[in-house]
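Listed below are the residues making up each chain.
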Amino acid sequence: MSKKKKLAVIVAVILMVVLDYLIFTGYQVSVSEQSVEVHVTLTSDQAQTLQIYYLESEDGADAEYSESMSVTAAYTEENTEQEMIFSVPADVTALRFDLGEASAVTVISGMKIVYKDAEIELSPENLSEVKDSNDIENISFGSDIQIESLSGDPYLIWNADAWNITQIVEEQNMVRNVLIRVVLCAGLDFVFIILLCFSGILGSIPRELIENRKLIFSLAKNDFKTKFAGSYLGIFWAFVQPIVTVVLYWFVFEKGLKAGGINTREGITVPFVLWLIAGLVPWFFFQDSLNGGANALIEYNYLVKKVVFKISILPVIKVISSLFVHVFFVAFMLVMYVIMGFGIHLPYIQIIYYSFCVFALSLGLSYLTSSIAVFFRDLTQVINIILQVGTWLTPIMWNFDGIGLPSALRFVFELNPMFYVVQGYRSALIDMDWFWNMPVMSCYFWGFVVVCFVIGSVVFRRLQVHFADVL
């Protein structure tokens, strides 16, 4: 092994150890992403719907209670003790318990906060400090709380800071944190080992791409233009179909399925068209790049047969060609956000990062699919079917957090690498959040990309000598 390779190995090992240390000491489950259950045991002489409003730690001092930050439960049998369960964020700072609109006598005999195996019993003494009341005729505290309320909007407000919910969440997730750290470190080490073992192949293709960058860009522009050569409106058609698709999906889900699509839009805090386009723009890029990349060698078969031509640049040509349309739609999307009053904010710059994520993922898959498609032409049809299914399996037209999927099923959906990109676009544009706040998903995504690129590069190099014969 040469001195240069030894130095590269040493640097890689040091970097791997440093990243393992940072992950193992820095990762923990975000409390803001967890939820706890408020269990209220009560008896009332009226059957009605009870509601809990909540404020979170990120809300300012002047924050107001709203319907979007509330949960309800139905009390169904009069004069019968019933346990009501309300799910609220773990970082809750204040709760408002609405007793219903009808005049009623309500007895709260038990109240507790539940998170996994931990419970916080809340005795009447804990709730004796009434922060606010309205339309309450009489309230008494003893072994339980008895409230005589008038019709209107009676409610109680209490402070949740003293419950130490954050501490309980951290304690309950201690083992999970350790396991996730171990898995992350093991996955990261695996990726580093792959990079070291296949450094020759992995280095050769990027080197060829860099050396032929001018030719790649020139061929990519030509590829983009020739797609629509001969049509009267030319490249105008490259932008028409995606725009029509956005409008069609918006109309179907916002207007045509307005009643039936409530669950798919649950929790969306911005106009549905903005939420929708934030998911469709990266998906269009991925779809166009993968379709083009899979057909790269077949379409440019006359270049594959040239001995002196570097055919390893062909897949990236198709991906860059798709990038031109993507840049237009990113600009179109940002204009829509500005027109609808959301302005331009610093987290929007992450669109560049997430676009690069799609670029890297598409390129890795393109090397694999393009080399296989030469020998198995039906692969392009298989890819089209997979992309059609993927449009619905990826939360593009439906809100992943709003339909209450079981944790096991959520995990399966999160294995889709485009899940990370689509959620990232929305996180940057709508939630104003940064990608480093998703360390687990980020590590998984880039690990997936590296593995795809390694497999694609190895298969491409092994089959390369047979391309000209088959084509």
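Here, the structure is the one placed above.
Residues numbered from 1 in each chain as written. Predicted model: local features only at pLDDT ≥ 70, side-chain atom pairs only at ≥ 80, totals over all residues. Heavy atoms only, no water.

**With respect to the environment of N177**
No. 1: If you trace the backbone, N177 turns up in helix α3 (residues 174–197).
No. 2: Each C-alpha atom, one on N177 and one on F24, is 8.9 Å from the other, the two residues being 153 residues apart in sequence. (Helix = DSSP H or I, 4+ residues; strand = E, 2+ residues; numbered from the N terminus.)

**Considering the packing of aromatic side chains**
No. 1: For the structure on display, the rule yields 25 aromatic pairs.
No. 2: Ring plane angle 90 degrees and centroid distance 5.3 Å describe the contact between Y367 and F460, whose orientation is recorded as edge-to-face. With Y367 in helix α11 (residues 350–373) and F460 in helix α15 (residues 439–470), this residue pair connects regions lying 93 residues apart in the sequence.
No. 3: Overall, Y367 belongs to the buried group, its relative accessible area being 1%.
No. 4: By relative accessible area, which is 0% here, F460 ends up buried.
No. 5: Taken together, the aromatic side chains of Y353, Y354, F356, F359, Y420, Y425, F435, F445 and W446 make up a single cluster linked through ring pairs.
No. 6: Over the ring of Y53 we find R96; its NZ or CZ atom is 4.5 Å from the centre of that ring.
No. 7: Sitting over the ring of Y155, R96 keeps its end group 4.2 Å from the ring centre. (Phe/Tyr/Trp six-rings, centres within 6.5 Å; stacked < 30°, edge-to-face > 60°. Buried < 20%, exposed > 50% of the residue type's maximum accessible area, 1.4 Å probe, protein only. Lys NZ or Arg CZ within 6 Å of the ring centre and 35° of its normal.)

**Observations regarding the pattern of salt bridges**
No. 1: On inspection of all chains with the given rule, the structure shows three salt bridges.
No. 2: Among the salt bridges present, the one from R96 reaches D98, with a minimum N-O distance of 2.8 Å.
No. 3: On the accessibility criterion, D98 (6% relative accessible area) is buried. (Salt bridge = Lys/Arg side-chain N within 4 Å of Asp/Glu carboxyl O.)

**What to know about the environment of A12**
No. 1: Looking at the secondary structure, you find A12 in helix α1 (residues 3–26).
No. 2: Here A12 falls in the buried class, since its relative accessible area comes to 13%.
No. 3: Residue contacts for A12: discarding those within four places in its chain leaves F192 and L196. (Contact = heavy atoms within 4.5 Å.)

**A look at unusual backbone geometry**
No. 1: Backbone geometry places N79, a non-glycine residue, at a positive phi of 55 degrees.
No. 2: Along the chain, the position of N79 falls in the loop between β3 (70–75) and β4 (82–89).
No. 3: On the accessibility criterion, N79 (57% relative accessible area) is exposed.
No. 4: We note that M432 has phi near 55 degrees; this positive angle belongs to a residue other than glycine.
No. 5: Mapped onto the secondary structure, M432 falls in the loop between α14 (417–429) and α15.
No. 6: We classify M432 as partly exposed; its relative accessible area is 30%.

**Some details on the sheet that holds strand β2 (residues 48–56)**
No. 1: Pairing is antiparallel across the open sheet formed by four strands, whose spatial order is β3-β2-β5-β10. Taken across any chain shown, the strands that pair with only one partner, and hence form the sheet edges, are β3 and β10 (155–159). Between one strand axis and the next, the sheet turns by 20 degrees as a mean value, whatever way the strands run. (Pairing = 2+ DSSP bridges. Axes fitted to C-alpha atoms, helices over the stretch in contact; angles between N-to-C directions.)

**Side note on helix α10 (residues 314–339)**
No. 1: With 26 residues, α10 ought to run about 38 Å at 1.5 Å a step, and its terminal C-alpha atoms sit 39 Å apart, in line with that.
No. 2: When the local axis directions of α10 are compared, the greatest deviation, roughly 25 degrees, occurs at F324.
No. 3: After α10 finishes, the residue G341 shows a positive phi value of roughly 90 degrees. (Expected span 1.5 Å × (residues − 1). Bend = angle between axes of the 7 residues up to and from the residue.)

**A short note on the packing of helix α5 (residues 213–226) against α10**
Each pair of packed helices can be summarised by the angle the axes make with each other and by the distance between the axes.
No. 1: One can describe the packing of α5 onto α10 by two numbers: an axis separation of 8 Å at closest approach and a directional angle of 60 degrees. As the angle between them shows, α5 and α10 are arranged oblique. Two packed elements cross with a definite hand, and for α5 against α10 that hand is right-handed. In this structure, α5 uses I216, F217, L219, A220, K221, D223 and F224 to contact α10, whose residues at the interface are V316, I317, K318, I320, S321, F324 and V325.
No. 2: Class assignment for the residues of the contact of α5 with α10 results in 10 nonpolar, one polar and three charged. (Parallel < 35°, antiparallel > 145°, perpendicular 65-115°, else oblique. Left-handed = near helix turned anticlockwise from the far one by under 90°. Nonpolar A, V, L, I, M, F, W, Y, C, P; charged D, E, K, R; others polar.)

**Re the packing of helix α7 (residues 272–294) against α11**
No. 1: Where α7 meets α11, the closest approach of the two axes is 7 Å, and the angle between their N-to-C directions is 25 degrees. Between α7 and α11, the crossing angle belongs to the class labelled roughly parallel. Considering how the two elements wind past one another, α7 and α11 form a crossing that is right-handed. Contact residues: P282, F285, F286, S289, L290, G293 and A294 in α7; S355, V358, F359, L361, S362, L365, S366, T369, S370 and A373 in α11.
No. 2: A per-class count over the contact of α7 with α11 returns 10 nonpolar, seven polar and no charged.

**Quick word on the pairing of strand β8 (residues 136–141)**
No. 1: When β8 meets strand β9 (residues 145–149), the two strands line up antiparallel, connected through five bridges. Pairing of I139 across the sheet is with I147, part of β9.
No. 2: Hairpin connection, β8 to β9: the antiparallel pair is bridged by three residues.

**Here's the deal with helix α12 (residues 379–393)**
No. 1: Helix length check: α12, at 15 residues, gives a terminal C-alpha distance of 20 Å against a target of 21 Å (1.5 Å per residue), a fit within 8%.
No. 2: Those residues of α12 that fall on the buried side of the exposure criterion are L379, T380, I383, L387, G390 and T391. The arc enclosing the buried residues of α12, seen along the axis, measures out at 125 degrees, which places them on a common side. Relative to its buried face, α12 has exposed residues pointing more than 90 degrees away, namely Q381, I385 and Q388. (Arc of directions from axis to C-beta.)

**Some words on the side chain of S370**
No. 1: Mapped onto the fold, S370 is located in helix α11.
No. 2: Of the residues examined, S370 reaches a relative accessible area of 0% and is grouped as buried.
No. 3: Polar side-chain contacts of S370 include one of 2.6 Å to the backbone oxygen of S366.
No. 4: Among the polar contacts listed, one links the side chain of S370 to the backbone oxygen of Y367, at a separation of 3.5 Å.
No. 5: Setting aside residues up to four positions removed in sequence, S370 forms contacts with G293, A294, L297, P315 and F460. (Polar contact = N/O pair within 3.5 Å; in protein donor to acceptor, adjacent residues only side chain to side chain.)

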